[in-house]
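Summary of structural features
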Amino acid sequence: MPNPAKLTSSYPGDDMSETRGTWTDKLFFRHNDLPIGLDKARLECGKLYQSKSSVNTSNYGHLTFSSQWKQNKHREVLLGDRIDWYDQTGTPSTDEVDLDYSDNFVRYRSEYCRVTVGTQKFIWGRIDEQPPTNRISRADISRGILPPPPPLSERRRAMPVLRFEGFQAGYKLDALCIPDFRKAALADKASIWYPVNQTNGTIPGFESTPLMKAFVQQGSISDRAPDGDGGFGLRLSNTDQQFDYAVTIQHARQSTPYWELNPSVRQAFQNSGDPAGAITSCNGATFMARYPRTWVADSESGFETLSATWRFEAAWISDTPVTRKDLRYDTVNSANWSAGEQFYPGDSDVRMNPINLIDAPAALSLTHIYNFNGSTFNEFGNNRWQAKTRFFIGLDQRDIYINTEISFIGWEPHKLYAGLHFFNGDEETTADYWEDNSLLTLGWRSQF
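As a starting point, this report considers the structure included with it. Fair warning: this is a prediction, and the values are worked out from it, not measured in the lab.

**Considering the pairing of strand β6 (residues 104–109)**
The alternating pattern of β6 places Phe 105, Arg 107 and Arg 109 on a buried face, while none of Asn 104, Val 106 and Tyr 108, on the opposite face, is buried. Summarising the sheet, strand β4 (residues 75–90) and β6 pair through four bridges and their orientation is antiparallel. Its bridge partner lying in β6, Glu 76 is registered against Arg 107. When β6 meets strand β7 (residues 113–120), the two strands line up antiparallel, connected through six bridges.

**Thoughts on the packing of aromatic side chains**
Following the criterion strictly, the structure yields 16 aromatic pairs and no others. Relative to Trp 434, the ring of Trp 193 has its centre 5.4 Å away and its plane inclined at 35 degrees; by these criteria the two rings are tilted. Linking Trp 193 in the loop between β12 (185–186) and α2 (210–218) with Trp 434 in the loop between α5 (430–433) and β28 (439–447), this pair joins segments that are 241 residues apart in sequence. Pair check on accessibility: Trp 193 and Trp 434 agree, each one buried. Pairing Phe 372 with Phe 391 gives two aromatic rings, centres 5.7 Å apart and planes at 40 degrees, and the pair type is tilted. Residue Phe 372 is found in strand β24 (residues 371–380), and its partner Phe 391 is found in strand β25 (residues 385–394); the two are separated by 19 residues along the sequence. The class of Phe 372 is partly exposed, set by a relative accessible area of 30%. A network of ring pairs unites the aromatic residues Trp 193, Tyr 433 and Trp 434 as a single cluster. The aromatic ring of Tyr 417 is capped on one face by Arg 445, whose charged end is 4.3 Å from the ring centroid.

**Observations regarding the pairing of strand β5 (residues 94–101)**
Bridging between β4 and β5 involves eight bridges; their strand directions are antiparallel. In the sheet register, Asp 84 faces β5, and the bridge partner there is Asp 98. With antiparallel pairing between neighbouring strands as the criterion, β4 and β5 make up a hairpin whose turn holds three residues.

**Quick look at the pattern of salt bridges**
Enumeration according to the criterion identifies 30 salt bridges in this entry. As a salt-bridge pair, Asp 84 and Arg 157 come within 3.7 Å of each other at their nearest N and O atoms. Here Asp 84, found in strand β4, pairs with Arg 157, found in strand β9 (residues 156–157); they are 73 residues apart in sequence, far enough to count as distant. A relative accessible area of 0% means that Asp 84 is categorised as buried. What makes Arg 157 buried here is its relative accessible area of 2%. Each of Arg 82, Asp 84, Asp 100, Arg 138, Asp 140, Arg 157 and Arg 182 takes part in salt bridges that share partners, so that together they form one network.

**Here we look at the sheet that holds strand β13 (residues 221–222)**
The pairing of strands in a sheet comes from backbone hydrogen bonds and takes either a parallel or an antiparallel form. Here three strands make up an open sheet; going across it, the order is β13-β17-β16 and the pairing mixed. The open sheet has two edge strands with one neighbour each: β13 and β16 (258–261). With four bridges joining them, β16 and strand β17 (residues 287–290) adopt antiparallel strand pairing. Each residue of the ladder has a partner; that of Leu 261, found in β17, is Phe 287.

**Some thoughts on α2**
Among all positions of α2, only Met 212, Ala 214, Phe 215 and Val 216 are buried. Those residues of α2 hidden inside the fold are in contact with β16, α3 (263–272), α4 (275–280) and β17.

**Observations concerning the sheet that holds β12**
Pairing is mixed in the open sheet, where three strands are placed in the order β9-β8-β12. Only two strands of the sheet have a single partner each, and these edge strands are β9 and β12. Sheet topology note: the strand β8 (residues 138–141)/β12 ladder contains two bridges and is parallel. Pairing of Asp 140 across the sheet is with Ala 185, part of β12.

Cut-off values and rules
- Residues numbered from 1 in each chain as written.
- Predicted model: local features only at pLDDT ≥ 70, side-chain atom pairs only at ≥ 80, totals over all residues.
- Heavy atoms only, no water.
- Buried < 20%, exposed > 50% of the residue type's maximum accessible area, 1.4 Å probe, protein only.
- Helix = DSSP H or I, 4+ residues; strand = E, 2+ residues; numbered from the N terminus.
- Pairing = 2+ DSSP bridges.
- Phe/Tyr/Trp six-rings, centres within 6.5 Å; stacked < 30°, edge-to-face > 60°.
- Lys NZ or Arg CZ within 6 Å of the ring centre and 35° of its normal.
- Salt bridge = Lys/Arg side-chain N within 4 Å of Asp/Glu carboxyl O.
- Contact = heavy atoms within 4.5 Å.

See below:
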């Protein structure tokens, strides 16, 4: 018997409007034929418990609103906005409210095609956590690697898109064009979740040498994104009850920043040997974000056997950024593959995500990454309680992240939860970068 979870998770985010509940399930008001409603709400309080951390709490709030108008079965309009609140107490402190658009589009649909113009979240790939295929969408790392509520689409933000989806005899052609590039959603620079720690002088994935620390601690950071388009992508897929597959090609910018030492600062340092003097003698930020435009060629497949769903992806990626030992920015080709298994009945899954740079030079940034990750889930207490654990384990060095959560779900559609986020890792690893940010959380979230 086919597993329903497989078919719904094979193409997450294909049609966000069709996965919503009915409008009668929402908090909304109606103006003529235009309903406006609250989709999601969340409030979380987090306490950092590591003695080395100078920050006391990290708190978060979220609201998503939307409105949907269907003129007829062929035409629809979806409008949406989100509000995020980020609060941090201690040293440094932050208190920020961010307004961003979510899905805002006009769509035409027929039996054989769907055309979307506007802003939209989308996800390509089958691996639930880190799909190699999903290079073209816009990431949400505003809270580091802390997980948002499921589904996976919540780890992505909407971006401008022109999209054509064609359907014929079990095949789907998905063509995307991104007319305006938007970088990933980032935390405030003073936040503990920002991907550069100037207090400690570290950047995740970079070797923490004394020279690198000096540049990060004494310099300045710019995460400005370039102007222009975000690229394009094509995906051809076929879905079968027992076996499905897809091939993808993309030419797009990665939305997450890669940090390049300002070439002028680097040259000045080579002449003087003084990091502080090199920084003050040059204009512009010391570290500048790069969002390289890359080619991605990918294949993926999924099938069911032995009471499990198996998923595989492999991607070749051009122009992957790397920093040489002499602090010079460079790009190389890379290979990224993933294998995942989801067990059913139940909601447990495991994945491997190796990343290898091809013919990489001697580098300060990591050139090979191997990790094993997954999640477990179960309900108890007459299905009024949930227990969930999410984990990342490095296979080539100690790199551990564990998130456990206990939730009360007997008050639908609301969920009350308590959780733990634990980080521990060797130098240069992601867990080492976030190690002082281990925290306990209490929260409420609701989806109407």
